[in-house]
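# Structural overview for review
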Amino acid sequence: MKLDTIVKGGTVVTPGGTFVGDVGIAGEKIAALGSSLDAPGARIVDAAGHYVIPGVLDVHVHLELPFCGTVSADDYRSGTRAGARGGVTTLIDFAIPYAGDSLADAANNWLKKADGKSLIDYTFHICITRWNEHKDQIEGMVKRGFTTFKEFMIYESEGWQSDDRALYGTLEKMREYGTTLLVHAESARVLDELIARHHTPELMKQYGARLHPMTRPNFVEAEAIQRAVQWCEATGGNLYIVHMSTGEGADIIRAAHARGVPVIAETCVQYLVLDDSVFEREDGHLFACCPQLKKPKDVERLWQGLRGGEVSVISTDTCTFTREQKAMWEGDWTKIPMGMPGLETLLPLTYTHGVLGGRMSIEEMCMKLSTNPARIMGLAPRKGAIAIGADADLAIIHPTRTHAVDPSAMETNADWSPFEGWDLAGFSRTTISRGEVIVDDYKVVGREGRGVWLPRTPGLGTGDWGLGETANGARSRGRADAGSPVPSPQSPVPAGTR
Ligand code: URP
Ligand code: ZN
Ligand code: ZN
């Protein structure tokens, strides 16, 4: 067999099981899996002593986003270099219409941002911000290969907010087309009221950035998730809750699964490794994002939800702002640009705190970072798994070698990191995207602009996933994990370091 590259002697994680052996690549595709693969002239990538895992899909990213009176600081150049160094080979951004724009305009604007800059492959969720104008444009976007849509239940001042009519109507359309609606679930009016009550010079002086978590109690998210699930249940349209941060959210998803409601939830890695005690820090305002970091009990419930199937995907919600941008708050927490950098540390944090922390197996990690996101977002079987015929998107990681998180040595444009000084294993020694080495020896070597836009087919269409068993035996529809093959016990990671 003609092979261009052979990744040799690694512990290869596939949906069918984990084995020590080789991955053969022909052109852009995985062409062979086995042991002692050989092909004259093939480039050999030594993976001995390393895991070979599918390239990560970060399906929640905001690059170069005009937001909170500024523009997020990572663009398609820095953001995708950061992703590659963290083993990310595909990202999905959000195309948000500017004032008066159609859905097609939004997609075209985001295609321009990525064109000539992106190192890795990409596509966009299309954001519906003005239901009356946008509702008849959805079908055309599906025909163009955009099969996931997004609505925000907050952000009225950005002109992005959707009401219940829009949520209900869009979910009906999702049902019709077999597409999926992503929802940012926070209760706008209660949030407005809590913010208004606390927005006094005295309280701002006394509490500073701590007012951000104080005005976002858990019920702000829980009520909104409950309402979105209600519309999902009423319409049968596929719903995906983005950046779920509360234990209550996980409980609602669990109950919905038991009723067979087609809802899926994502969390972001920061909600798994940080809590709102960071607001006690002098630089606590840097950590402001929406929804806010929650309590240790929420962190525990989200990890449990990853095991139990309530949480199907881990992403980042990368929305980078520099220290200078964050300083725009000047003591008023409502003016903090909301969001944090994340693409570069998604895999290292999940691997270190999940796999090395004994909270998930390496196979489960690959399910949450690669296989589930690819299936749910309509990118499987091309992306998301090491399988013959799939794109040769791989990350090769050392099982124990750590790197300290140091923003000055990172690819992101952020001059700070929420994880600064943390020792993390799981940075990508080698990242391969469609057969091409783009990170070698932990350094980015790929050419900017080589990434391509990915057309999609409807992913988690209603009924496509069938009925599966949850961990506790409840019937479940809509869980991405349902029915996926259980990986066989992993082979021990071979000895040897690099
Ligand atoms: O704080 C955040 N999450 N910024 C990005 C916008 C959003 O809500 O996802
Ligand atoms: Zn959001
Ligand atoms: Zn977001």
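Preceding this paragraph is the structure being described.
Residues numbered from 1 in each chain as written. Chains lettered and ligands numbered in written order. Predicted model: local features only at pLDDT ≥ 70, side-chain atom pairs only at ≥ 80, totals over all residues. Heavy atoms only, no water.

Across its full length, the chain holds 15 helices and 23 strands. Taking 498 residues into account, the globule formula puts the C-alpha radius of gyration at 23 Å, and the chain, at 21 Å, falls close to it. Dimensions of the chain, computed from the C-alpha atoms along their principal axes, are close to 70 × 50 × 45 Å. Counting the 498 residues in the chain, one finds 63% classified as buried. Looking at the chain as shown, the accessible area adds up to about 17300 Å², and 51% of this sits on carbon and sulfur atoms. The average position of the 51 basic charges and that of the 63 acidic charges among the side chains of the chain differ by 3 Å. (Helix = DSSP H or I, 4+ residues; strand = E, 2+ residues; numbered from the N terminus. Rg over C-alpha atoms; globule rule 2.2 N^0.38 Å. Buried < 20%, exposed > 50% of the residue type's maximum accessible area, 1.4 Å probe, protein only. Areas by Shrake-Rupley, 256 points an atom, 1.4 Å probe, with all protein chains shown as cover. Lys, Arg positive; Asp, Glu negative; His and termini not counted. Charge placed at Lys NZ, Arg CZ, Asp CG, Glu CD.)

Moving on: the packing of helix H9 (residues 218–235) against helix H10 (residues 247–258). In the contact formed by H9 and H10, the axes pass within 9 Å of each other and the chain directions differ by 20°. Our classification of the angle between H9 and H10 gives roughly parallel. The handedness of the crossing between H9 and H10 comes out as right-handed. Seen from H9, the contacting residues are Asn-218, Ala-222, Ile-225, Gln-226 and Val-229; seen from H10, they are Glu-248, Gly-249, Ile-252, Ile-253 and Ala-256. Within the contact of H9 with H10, the residues separate by chemical class into 6 nonpolar, 3 polar and 1 charged. (Axes fitted to C-alpha atoms, helices over the stretch in contact; angles between N-to-C directions. Parallel < 35°, antiparallel > 145°, perpendicular 65-115°, else oblique. Left-handed = near helix turned anticlockwise from the far one by under 90°. Contact = heavy atoms within 4.5 Å. Nonpolar A, V, L, I, M, F, W, Y, C, P; charged D, E, K, R; others polar.)

Within the structure, ligand 1 sits among His-60, His-62, Phe-67, Tyr-155, His-184, His-243, Cys-289, Cys-290, Asp-317, Cys-319, Met-338 and Gly-339. Between ligand 1 and Met-338, the relevant distance is 2.9 Å, taken from a nitrogen atom to a main-chain nitrogen or oxygen of the residue. In the model, an oxygen atom of ligand 1 is placed 3.4 Å from a nitrogen or oxygen of the Gly-339 main chain. The fraction of the free accessible surface of ligand 1 (260 Å²) that becomes covered by protein chains is 100%. Across the shell around ligand 1, the residue classes tally to 6 nonpolar, 5 polar and 1 charged. (Near = heavy atom within 4 Å. Polar contact = N/O pair within 3.5 Å; in protein donor to acceptor, adjacent residues only side chain to side chain.)

Moving on, we get to the packing of aromatic side chains. Applying the stated criterion across every chain yields a total of 14 aromatic pairs. For the pair Phe-152 and Tyr-155, a centre-to-centre distance of 5.5 Å together with 65° between the ring planes defines the contact as edge-to-face. Comparing Phe-152 with Tyr-155, the two get one shared label, buried. Its end group placed over the ring of Phe-427, Arg-85 keeps NZ or CZ at 4.9 Å from the ring centre. (Phe/Tyr/Trp six-rings, centres within 6.5 Å; stacked < 30°, edge-to-face > 60°. Lys NZ or Arg CZ within 6 Å of the ring centre and 35° of its normal.)

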